[in-house]
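# Breakdown of the fold
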Amino acid sequence: MRNAGPIEQYFNVYTRTGLCSWVMLAARYESYAGAPLCLTDKPTLFAALEKVVRCHAALHARLPPLSESPRWTHISSVELNEVVHFIEEDHSDLQEIIEDCFDHDMDISEDKPRWRLLVLRDGTLVFLWDHSIGDGQSGLAFHRALLDALNSEPELPASHSGVITPLPSNLALPTSLEDAAGRRMSVPIAMLVRILAEEYLPFLFVRKNAAAWTGNPVPLTPSLRTRVRILHYSPSDTNILLRASRAHQATLTGTLHTLAIVVLSRLIRAPHDGEERKFKAVATFIPISMRRHTGTHATEICVQVTHYEGHQPMLLPDTGDFPWDVAAEFTGTLQRAIVCAGPVTGMLKYLFGRYEEYLEGHLGKKRGSGLELSNLGPFPGSPSSGTTDLEKSEDGAGDFTEVLAARWKIKEMTFAQAEVLGSALKLNVVGSPEGGLGMTVSWGTSAVDKELAEAFVVGLHDGLRALIIAASDLETRD
């Protein structure tokens, strides 16, 4: 097919060394056909999946073991009965299902594609994929394609063997990020010198790094054991939160980031043994899609992502008022970072293929960040996809049309991911087609104390409810 780009190689090594688990995006499908349809019906689901697999090369592509040349090749066939698993739980069990997926080793078989699908009895579909074939936006692309395939089927199939073969051998993978972005990935000399200094002369940055909270150090013995908590917000509450953010010149990402820092600051600086008061900031990590720069559409399954890293000073407001000025300021910071974020990922080429050495070199050391906020934006083609900035998908999707009279619709969506070297706490956000908001907070059991993590979830939810209520009251008065 083509050679793997550096970021694809990086994620391939990350997965194969057991340091990164599946990326996960669940969607609860409901039938609107006036008949008791259910996605546990294999022929219906398999026929739709075949359409999706035949249209996306990433769903039948493989990278070889690390000892071989990193070149993408086609899998000759996809056996759906081996990658699609029907289970008896429903969406009320989703938290435990996600945790169980993360707790078990990934099955990277050379004859299987790098994705799995769990089918719950109530029509909830949990799409799991390896980060080397797709970024977070790719999960939305998969569910968009599957929803369209389900709704475009003229009549329900009577049977399906579960085997997809032959697969189109001439179907190309989307261009690698490095080739698609071109000069946007070039690394300025000053940035190269600074990052190399941080990596090889860490003593120069001891004071700055020591003052930034990043949770517990990375364990010497890797473990992907992860805990997940799920939060969902209705379309009406989500719209209130979006309007309040815009009224204060902030995006949803800026608002959520600021609220998360407020909650964490209180928890970290709480009077325990006094040791926590050494922390002056929280190191944060924000993934940023590069699709707006490469022209890659939201319908593609590929890896085109970079990130922003920064140290956010502790936020301990004297009053109970939310610091909207900080949310607006961070929104501006992130929007500026989007313009020039390519070089951050462009640095991967300077590892010269030594990805395994680089990754394992972080074991036993201070974690890189304490909080990751990954916002996928709204579902492509949903009513809210006309919003601006970071509330919309990074590539400006929104030109989809409904196919036939929709027999199927997606209700809630839930996004989560797990890795050993990542942030102590992950806040993953995704918009549903109806305009609601799905959020997960996840943490490695060795990355942060359970009591702090659970208190963070409660504080985040209470803070969001308070913002929504306050904004709703203000709108009512106006």
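Basis of the calculations
- One numbering rule holds for all chains: residues counted from 1, following each sequence as written.
- Only residues with pLDDT of at least 70 get local features here, since the model is predicted, and only at 80 or more are side-chain atom pairs given and counted; chain-wide, interface and lining totals rely on the full set of residues.
- Side-chain metrics rest on all non-hydrogen atoms present in the structure, leaving aside hydrogens and water.
- To qualify as a helix, a DSSP run of H or I must reach at least 4 residues; to qualify as a strand, a run of E must reach at least 2; elements of each kind are numbered from the N terminus.
- Every radius of gyration here is taken over C-alpha atoms, with the globule rule written as 2.2 Å times N^0.38, N being the number of residues.
- Note on exposure labels: buried denotes an accessible area under 20% of the residue type's maximum, exposed denotes more than 50%, and partly exposed covers the range between, all computed with a 1.4 Å probe on protein chains only.
- Any pair of residues with heavy atoms lying within 4.5 Å of one another is described as a contacting pair.
- Reported accessibility uses the Shrake-Rupley method at a 1.4 Å probe radius. Residues are deemed covered only where the shown protein chains occlude them.
- Charge counting treats Lys and Arg as positive and Asp and Glu as negative, with His and both chain ends excluded.
- Charge positions are represented by NZ for Lys, CZ for Arg, CG for Asp and CD for Glu.
- Should DSSP find at least two bridges between two strands, the strands are regarded as paired.
- Working definition: rings of Phe, Tyr and Trp (its six-membered ring) pair if their centres are within 6.5 Å, and the pair is stacked with planes under 30 degrees apart, edge-to-face with planes over 60 apart, and tilted otherwise.
- Take a side-chain nitrogen of Lys or Arg and a carboxyl oxygen of Asp or Glu: if they are within 4 Å of each other, that pair is a salt bridge.
- Take the number of residues in a helix, subtract one, and multiply by 1.5 Å to get its expected span.
- Axis lines are fitted through C-alpha atoms, for helices just across the contact stretch, and the angle between N-to-C directions can take any value from 0 to 180 degrees.
- Per residue, pLDDT measures the predictor's confidence, with a range of 0 to 100.
- Patches draw on residues past 30% relative accessible area with no salt bridge. Two like charges within 9 Å are joined, as are two nonpolar side chains (Val, Leu, Ile, Met, Phe, Trp, Tyr) within 5 Å.
- Where each domain starts and ends comes from a domain assignment, either automatic or drawn from a database.
- Buried area, as used here, totals the accessible surface that two parts lose on assembly, with accessibility defined by a 1.4 Å probe and the loss added over both.
- A 3.5 Å cut-off defines polar contacts: any pair of N or O atoms within that distance qualifies, except that in protein one atom must be a possible hydrogen donor and the other a possible acceptor, and neighbouring residues in sequence count only when both atoms are side-chain atoms.
- Three categories are distinguished: nonpolar for Ala, Val, Leu, Ile, Met, Phe, Trp, Tyr, Cys and Pro, charged for Asp, Glu, Lys and Arg, and polar for the others, with Gly belonging to the last.

### Here we look at the overall build of the protein chain
Regarding its fold elements, the protein chain presents 15 helices and 17 strands. Relative to its length of 478 residues, the protein chain is compact, with a C-alpha radius of gyration of 22 Å against a globular reference of 23 Å. For the protein chain, the residues scored as buried account for 55% of the 478 residues in total. Of all intrachain contacts in the protein chain linking residues separated by at least 6 positions in sequence, the fraction that spans at least 24 positions is 82%. Working note: accessible area of the protein chain is about 20,000 Å², and carbon and sulfur atoms make up 52% of it. Positive and negative charge centroids in the protein chain, built from 44 and 59 side chains respectively, lie 5 Å apart.

### Examining the side chain of glutamine 312
Looking at the secondary structure, you find glutamine 312 in strand β13 (residues 305-313). Discounting residues that sit within four places of it in the chain, glutamine 312 has contacts with His257, Ile261, Ala281, Val282, Val326 and Phe330.

### Digging into the pairing of strand β16 (residues 425-431)
The buried fraction of β16 amounts to 7 of the 7 residues, a majority that puts the element mostly inside the structure. The alternating pattern of β16 places Leu425, Leu427, Val429 and Gly431 and Lys426, Asn428 and Val430 on opposite faces, both of which are buried. Relative to β16, strand β14 (residues 371-375) runs parallel, the two sharing 5 bridges. Across the sheet, leucine 373 pairs through a bridge with leucine 427, a residue of β16.

### A short note on the packing of aromatic side chains
Counted by the stated rule, this structure contains 11 aromatic pairs. Here phenylalanine 127 and phenylalanine 142 contribute two aromatic rings whose centre-to-centre distance is 3.7 Å and whose plane-to-plane angle is 5 degrees, an arrangement assigned as stacked. Pair noted here: phenylalanine 127 is in strand β8 (residues 124-129) and phenylalanine 142 is in helix α5 (residues 136-152), with a separation of 15 residues, a long-range link. You can call phenylalanine 127 buried: its relative accessible area is 1%. Overall, the relative accessible area of 0% leaves phenylalanine 142 in the buried class. Taken together through their ring pairs, the aromatic side chains of Tyr10, Phe11, Tyr14 and Tyr355 make up a single cluster.

### Here we look at the sheet that holds strand β1 (residues 2-3)
Spatially, 3 strands are ordered β1-β4-β3 in an open sheet, and the strand pairing comes out antiparallel. Each end of this open sheet is capped by a strand with a single partner; those strands are β1 and β3 (61-62). Direction of pairing for β3 relative to strand β4 (residues 71-74): antiparallel, over a ladder of 2 bridges. The residue bridging alanine 61 from the neighbouring strand is histidine 74, located in β4.

### Quick word on the pattern of salt bridges
Scanning the entire structure with this criterion turns up 22 salt bridges. In this structure, the salt-bridge partner of glutamate 110 is arginine 16, at a minimum N-O distance of 3.1 Å. Of this pair, glutamate 110 sits in the loop between α4 (94-103) and β7 (115-119) while arginine 16 sits in helix α1 (residues 6-16), and the two are 94 residues apart along the sequence. The exposure class of glutamate 110 is partly exposed, given its relative accessible area of 29%. Taking the shortest distance from any N to any O, the salt bridge between glutamate 454 and arginine 229 comes out at 2.6 Å. In this pair, glutamate 454 is assigned in helix α15 (residues 450-477) and arginine 229 in strand β11 (residues 226-233), connecting sequence segments 225 residues apart. Residue glutamate 454 is classed as partly exposed on the basis of its relative accessible area of 23%.

### Structural notes on α15
Because the α-helix completes a turn every 3.6 residues, residues three or four places apart line up on one side. The terminal C-alpha atoms of α15, which comprises 28 residues, lie 41 Å apart, in line with the 40 Å expected from a rise of 1.5 Å per residue. By the burial criterion, the buried members of α15 are Leu452, Ala453, Phe456, Val457, Leu460, Gly463, Leu464, Leu467, Ile468 and Ala471.

### Here's the deal with the sheet that holds strand β2 (residues 20-31)
An order of β6-β7-β8-β2-β15 is seen for the 5 strands of this open sheet, with the pairing classed as mixed. Looking at the sheet topology across the chains shown, the edges are occupied by β6 (84-86) and β15 (408-419). With strand direction ignored, the average angle separating the axes of adjacent strands in the sheet is 20 degrees. Pairing between β2 and β8: 6 bridges, direction antiparallel. For alanine 27, the partnering residue across the bridge sits in β8 and is leucine 125.

### A look at helix α10 (residues 252-268)
Its 17 residues give α10 an end-to-end C-alpha distance of 24 Å, which sits within 8% of 24 Å, the value for a rise of 1.5 Å per residue. With 15 of 17 residues buried, α10 is to be regarded as a mostly interior element.

### Here we look at the confidence of the model for the protein chain
Caution applies to low-pLDDT parts of the model: their predicted coordinates are not meant to be read in detail. Mean pLDDT for the protein chain: 87, with 90% of residues reaching 70 or above. With pLDDT under 50 throughout, residues 383-404 is counted as low confidence; its partners more than four residues away or in other chains account for 57 contacts.

### Points about unusual backbone geometry
Cis geometry marks the peptide bond from threonine 165 to proline 166, where omega comes out at -5 degrees. Counting through the fold element by element, proline 166 comes out in the loop between β9 (163-164) and α6 (177-181). Notably, glutamine 249 is not glycine yet its phi reads approximately 60 degrees, a positive angle. Tracing the chain through its elements places glutamine 249 in the loop between α9 (235-247) and α10.

### Details of a negative patch on the surface
A cluster of acidic side chains, namely Glu88, Glu89, Glu96 and Asp100, defines a negative patch on the protein surface. Here glutamate 88 lies in the loop between β6 and α4. Of the residues examined, glutamate 88 reaches a relative accessible area of 60% and is grouped as exposed.

### Section: the domain arrangement of the protein chain
On domain assignment, one finds that the protein chain holds domain 1 (2-160) and domain 2 (187-381 + 406-476). Measuring from the centre of the C-alpha atoms in domain 1 to the corresponding centre in domain 2 gives 25 Å. At the interface, 57 residues of domain 1 touch 51 residues of domain 2. Of the roughly 5,000 Å² buried between domain 1 and domain 2, counting both surfaces, carbon and sulfur atoms make up 65%. In this assembly, domain 1 and domain 2 are joined by 6 salt bridges. We note a salt bridge from arginine 28 to glutamate 412, for which the minimum N-O separation is 3.7 Å. At the junction of domain 1 and domain 2, the tally comes to 22 residue pairs in polar contact (both at pLDDT 80 or more). When contributions to the side of domain 1 that touches domain 2 are tallied by element, the ones reaching two or more residues are α1, β2, α4 and α5. The biggest single contributor to the side of domain 1 that touches domain 2 is β2, with 12 residues. For the side of domain 1 that touches domain 2, the residue count by class is 33 nonpolar, 16 polar and 8 charged.

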